[in-house]
There are 2 protein chains.
Amino acid sequence: MKSYPEMNKEELLEERAALQDAYKTEEAKGLSLNMARGKPGRSQLELAMPMLDVFNSHSDMNTLLGNDTRNYGDLDGIGECRRLMADMMEVEKDNVIVCGNSSLNIMYDTVARSMDFGVCGSTPWHKLENVKFLCPVPGYDRHFAITELFGIEMIPIAMNDNGPDMDQVEAYVNSDPAVKGIWCVPKYSNPTGISYSDEVVRRFAALKPAAEDFRIYWDNAYCIHHLYEDTQDTILNILEECTKAGNPDIVYIFASTSKISFPGSGVSAIAASEKNLDYILSKMTVQTIGHDKINQLRHVRFFKDIDGLKLHMKKHAELLRPKFEAVLTELDNELEGLGIGSWIKPRGGYFISFNALPGTAKRIVGMCKDLGVIMTGAGATYPYHNDPQDSNIRIAPSFPTPEEMSEAAKVFVLCVKLASVEKLLQDME
Amino acid sequence: MKSYPEMNKEELLEERAALQDAYKTEEAKGLSLNMARGKPGRSQLELAMPMLDVFNSHSDMNTLLGNDTRNYGDLDGIGECRRLMADMMEVEKDNVIVCGNSSLNIMYDTVARSMDFGVCGSTPWHKLENVKFLCPVPGYDRHFAITELFGIEMIPIAMNDNGPDMDQVEAYVNSDPAVKGIWCVPKYSNPTGISYSDEVVRRFAALKPAAEDFRIYWDNAYCIHHLYEDTQDTILNILEECTKAGNPDIVYIFASTSKISFPGSGVSAIAASEKNLDYILSKMTVQTIGHDKINQLRHVRFFKDIDGLKLHMKKHAELLRPKFEAVLTELDNELEGLGIGSWIKPRGGYFISFNALPGTAKRIVGMCKDLGVIMTGAGATYPYHNDPQDSNIRIAPSFPTPEEMSEAAKVFVLCVKLASVEKLLQDME
């Protein structure tokens, strides 16, 4: 078959007529499917249900050190949970604070704390004329929502197949003291699915920020969230690399078990240098007496150690793989060679990122909605919801069943085709 | 026996010699007791252990509305837990958001949000020259720590037996637009143990704040934390009174189950007008995807309803009463009539507030420490840790056993006596 951009007007009109028929057929089905958010499916949640068996009214609720998890104390988290999260985040236990149920909440608080009090003694950001964050795009909409809320200027940075464009990153960070941070999802990136290369990580670690309070916001959300056993991405340890480069304080690492145990009822953690953690704790001790230590202990008693976590994630992979493959099969079968979109096959994480013909993403997402398939809003992966190309669409295959996912993907490719034909016809006028 | 202030020098010297002997006897015991914090005792924690039986791997984890508590969603809390907390806080369900594990954290976030973004559209506080909070004294040290951290000027307000001095409160709030808040623990107040009278509550509700963004921070921490069945304090419903007075938006109410289920693993809530809650949610939706809903459901399944909560608190009262009475008995027996201290017998809450001779509180707490009994630091109940009289001491009887509490109280009264004699002798020089 000819690619769409190669077709002449007559061929496009013919194609459009066929697609419009298919569209009507789908319309009649009255679907109701949601692939908008990276929300685990029901079968994934079932995997963690035995976690609710680990405690009963006769359980020993003490930590290894003998602290009662049921009472106040252990602001930085119980020792064994710090160990578990440290192993998952590939850092030392002393570099980890275990917090509440949400790593997003830690990130928000970290930005808020910097606005209100500065970073390790620097000027509070709200006293500064300009505060800027670099935002690799496409990226995670909830990151951008935090910086937008605080009025921080967001500068888009191009994402390549091996991470953010480091020439751009270095140019900004090393010269502009208003640049205080960069949002990163270094492994199975949200939404592109790629992982940062060793060279990219090393260039991050070797940054020479113009601002003393610049930090890398390293959201390692998908650190053990592989889809396959044989082809797993690994990334260099950013804290280790920063330390080697003489920059131990320039990174905060975030992670959680939201997509391992239960979204909303997991544990989250931040890892950083001792200097950073001491500063964070000096404010956190006013904010709270401590986080939910019973839940921390519950996680440790259930997963036991990093091997337990990894084994559990294999089971997640088995459930997620068919859903990803349902989408990828549809994309391959229906769009390959048509010249109207590109995508990367991810080896982990929660998303497939699709780049449509410029100027069609909003239209595609709108058409999908009309057919009962909810996608992440077009533009959401860009700061201020502004995708200048109107091209990127994030597909989140985790929530529906594989059968539903296949159905939804059929709708998606249909809408991609129809919107593309319309756009090409329109460009001819 | 003569009161100390009536004694002449010779009598005081004689008394001092006897007390010094007693001090040495206590010193030899090498005690190690802690009555510093309002920390539940082990036996109280045991009461909530059956809560860990309510779920197992086969449990239905859906809310009454069919939402899966194990997944993302329900930012404002699950319906049945909002109902439970609303009943406890004596407000409507629609006026409650259930949050995470700490009401202190909600208060911190509420102040932080006001600093960063203002209150329902007002100017962010960090842009203002002056921001002031009224602080009834003695009060809760962790409240004062929050406002101190944010650089908010704290103005002490005298506490009477029926609440804060409302003449002072009205004078400040109704005239000074820099006054943005007041910290209140309206029931079984921390630390004085008194509850606000109906008149005080009504005068709060009828305030005419000079600042549109003034709010009453109503920390109803001990709303159902009675010590006795027959003599329980009740307070007027502040949200209702504010609404009646045409001031529905001037109050935030905070509460939690930290001292009902488990400190650190309970649920917390904020109650306020719809306008306030809408504003809070508009920022909270950026801060987190949601709180721990499994724990919310756990609380509902265990306590069932407000009657379940109240029944549970009866059991707490039975455990706490002997500890309070151990202290009060010692105070009555040993200090009554000596003219060197005053205290109120509380009917609920977690504290006994003791007013020593001016200029002796630090010395008393220091002596207790030397004898192995840790008290809340003198001055902690005042903004900036500054008790201008050096008189108030907070006693927290909940953590030790009744026997330990009796032992600790003996040490305390001894130190009160010795420090008072020393002070009186010193004043004669």
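The paragraphs below set out a description of the structure included in this document. By convention here, each chain's residues receive numbers from 1 onward along its written sequence. Whichever chain is written first becomes A and whichever ligand is written first becomes 1, with later ones labelled in order. At least 70 in pLDDT is required for a residue's local features to be given in this predicted model, at least 80 for side-chain atom pairs to be given and counted, and no such filter applies to totals for whole chains, interfaces and linings, which use all residues. Excluded from the side-chain calculation are hydrogens and water; included are all heavy atoms of the structure.

**Things to note about the overall build of chain A**
- Of regular secondary structure, chain A possesses 13 helices and 13 strands.
- In terms of overall size, chain A behaves like a compact globule, its C-alpha atoms giving a radius of gyration of 23 Å where 429 residues would be expected to give roughly 22 Å.
- Along the first, second and third principal axes, the C-alpha set of chain A runs to 75 × 55 × 35 Å.
- When each of the 429 residues of chain A is scored for burial, the buried share is 62%.
- Pairs at least 24 residues apart make up 76% of the contacts formed inside chain A by residues separated by at least 6 positions.
- With an accessible surface of roughly 15900 Å², chain A has 47% of that area assigned to carbon and sulfur atoms. Here a helix means four or more residues in a row that DSSP labels H or I, a strand means two or more in a row labelled E, and each is numbered from the N terminus. For the radius of gyration, the atoms used are the C-alpha atoms, and the globule rule reads 2.2 Å times the number of residues raised to 0.38. Relative accessible area decides the class of each residue, using a 1.4 Å probe on protein chains only: under 20% of the type maximum gives buried, over 50% gives exposed, and in between gives partly exposed. Contact between two residues is taken to exist if any of their heavy atoms lie within 4.5 Å; hydrogens are not considered. Note on areas: Shrake-Rupley with a 1.4 Å probe; residue coverage comes only from the protein chains shown.

**Observations regarding the sheet that holds strand 10 (residues 341-343) of chain A**
Residues and elements named next belong to chain A.
- One open sheet accounts for 3 strands, arranged 10-11-13; its pairing is antiparallel. The sheet terminates laterally at strand 10 and strand 13 (392-395), the two strands that pair on one side only. Within this sheet the neighbouring strands show an average axis-to-axis angle of 25 degrees, counted without direction.
- Here 4 bridges tie strand 11 (residues 352-356) to strand 13, and the two strands are oriented antiparallel to one another. Its bridge partner lying in strand 13, Asn355 is registered against Asn392.
- Here an axis means a line fitted to C-alpha atoms, over the contact stretch when the element is a helix, while the angle between two N-to-C directions is reported on a 0 to 180 degree scale. Packed onto the sheet, helix 11 (residues 306-335) meets strand 10, strand 11 and strand 13 and runs at close to 25 degrees relative to strand 11. Two strands make a pair as long as DSSP finds a minimum of two bridges between them.

**Side note on the interface of chain B and chain A**
- Counting from both sides, the interface comprises 58 residues of chain B and, opposite them, 57 residues of chain A.
- Here the quantity called buried area is the total loss of accessible area, with a 1.4 Å probe, experienced by two parts when brought into contact, counted for both. Both sides together, the interface formed by chain B and chain A hides about 4800 Å², and carbon and sulfur atoms give 53% of it.
- Three residues, Arg70, Tyr72 and Val286 of chain B, lead the burial of chain B against chain A; their summed loss comes to 16% of the area buried on that side.
- Basic side-chain nitrogens of Lys or Arg form a salt bridge, by our definition, when they fall within 4 Å of a carboxyl oxygen of Asp or Glu. Taken together, chain B and chain A are joined by 4 salt bridges.
- Listing elements by their share of the side of chain B that touches chain A, those giving two or more residues are helix 2 (42-47), helix 4 (103-117), helix 5 (141-149), helix 9 (274-287) and helix 10 (293-303) of chain B.

**A word on a negative patch on the surface**
- In this analysis, a patch consists of residues with relative accessible area above 30% that form no salt bridge, clustered at 9 Å for like charges and at 5 Å for the nonpolar side chains Val, Leu, Ile, Met, Phe, Trp and Tyr. We score Asp and Glu as negative and Lys and Arg as positive, and we do not count His or the chain ends. The location of each charge is read from NZ of Lys, CZ of Arg, CG of Asp or CD of Glu. Residues Glu90, Glu92, Asp94, Glu240, Glu274 and Asp278 of chain A make up a contiguous surface patch of negative charge.
- The topology assignment puts Asp278 of chain A in helix 9 (residues 274-287).

**Let's talk about the nonpolar core**
- Core analysis: the biggest nonpolar cluster contains 124 residues, and Phe204, Ile216 and Trp218 of chain A together with Phe204, Ile216 and Trp218 of chain B have the highest contact counts within it.
- With near-sequence residues (within four places) excluded, Phe204 of chain A lies in contact with Pro164, Met166, Val169, Ile182, Cys184, Tyr196, Ile216, Trp218, Ile238 and Ile250 of chain A.
- Listed in part, the 56 residues of the second largest apolar core include Met35, Leu335, Leu338 and Leu425 of chain B. Joining through side-chain atoms within 4.5 Å is the link that ties buried Ala, Val, Leu, Ile, Met, Phe, Trp, Tyr and Cys residues into a set, and such a set is a nonpolar core.

**Observations concerning the sheet that holds strand 11 (residues 352-356) of chain B**
Residue and element names in this part refer to chain B.
- Taken in spatial order, the 3 strands line up as 10-11-13 in an open sheet, and their pairing is antiparallel. The strands lining the two open edges of the sheet, one partner per strand, are strand 10 (341-343) and strand 13 (392-395). On average, each strand axis in the sheet is inclined to that of its neighbour by 25 degrees, with strand direction left out of account.
- Strands strand 10, strand 11 and strand 13 of the sheet are contacted by helix 11 (residues 306-335), whose axis makes an angle of about 25 degrees with strand 11.

**Details of helix 6 (residues 166-173) of chain B**
All names here are of chain B.
- Met166, Val169 and Val173 are the residues of helix 6 that are buried. What you see down the axis of helix 6 is that its buried residues fit within an arc of 55 degrees, all on one side.
- Next to the buried residues of helix 6 lie strand 3 (132-137), strand 4 (153-160), strand 5 (163-164), strand 6 (179-184) and helix 7 (198-205).
- N-cap assignment for helix 6: the residue whose side-chain oxygen lies 3.0 Å from the backbone N of Asp167 is Asp165. Here the arc refers to the directions that run from the helix axis out to each C-beta atom. Under the rule applied, a polar contact is a pair of N or O atoms within 3.5 Å (in protein, one hydrogen donor and one hydrogen acceptor; residues adjacent in sequence only if both atoms are side-chain atoms).

**A closer look at the pattern of salt bridges**
- A complete count under the given rule lists 48 salt bridges over all chains for this structure.
- Between Asp68 of chain B and Arg70 of chain B there is a salt bridge, and its shortest N-O distance comes to 2.9 Å.
- Here Asp68 of chain B falls in the buried class, since its relative accessible area comes to 17%.
- Among the charged side chains, a network of salt bridges with common partners joins Arg42 and Glu46 of chain A together with Asp68 and Arg70 of chain B.

**What to know about the packing of helix 12 (residues 361-370) of chain B against helix 13 (residues 402-428) of chain B**
Residue and element names in this part refer to chain B.
- Relative orientation of the contacting elements helix 12 and helix 13 amounts to 135 degrees, with a least axis distance of 9 Å. Viewed along their axes, helix 12 and helix 13 adopt a mutual orientation that is oblique. Considering only the axes of helix 12 and helix 13, their crossing is right-handed. Residues Arg363, Ile364, Met367 and Cys368 of helix 12 form the contact with helix 13, whose own contacting residues are Val411, Phe412, Cys415, Val416, Leu418, Ala419 and Glu422.
- Of the residues that constitute the contact of helix 12 with helix 13, the class distribution is 9 nonpolar, no polar and 2 charged. Should an angle fall under 35 degrees it is taken as roughly parallel, and over 145 as roughly antiparallel, whereas 65 to 115 is taken as roughly perpendicular and any remaining angle as oblique. Whether a crossing is left-handed or right-handed is set by the direction in which the near helix is turned from the far one by less than a right angle, anticlockwise for left-handed and clockwise for right-handed. Residue classes follow a fixed rule: Ala, Val, Leu, Ile, Met, Phe, Trp, Tyr, Cys and Pro count as nonpolar, while Asp, Glu, Lys and Arg count as charged, and any other residue, Gly among them, counts as polar.

**Details of the relation of the copies chain B and chain A**
- Copy-to-copy alignment: least squares on C-alpha atoms, limited to residues at pLDDT 70 or above in both. Turning chain B through 180 degrees and shifting it by 0.0 Å along the axis lays it on chain A, with an RMSD of 0.0 Å. Expressed as an axis order, the relation between the two copies is that of a two-fold axis.
- Comparing contact sets, 98% of the residues at the interface of chain B also lie at the interface in chain A, consistent with an isologous, same-surface contact.

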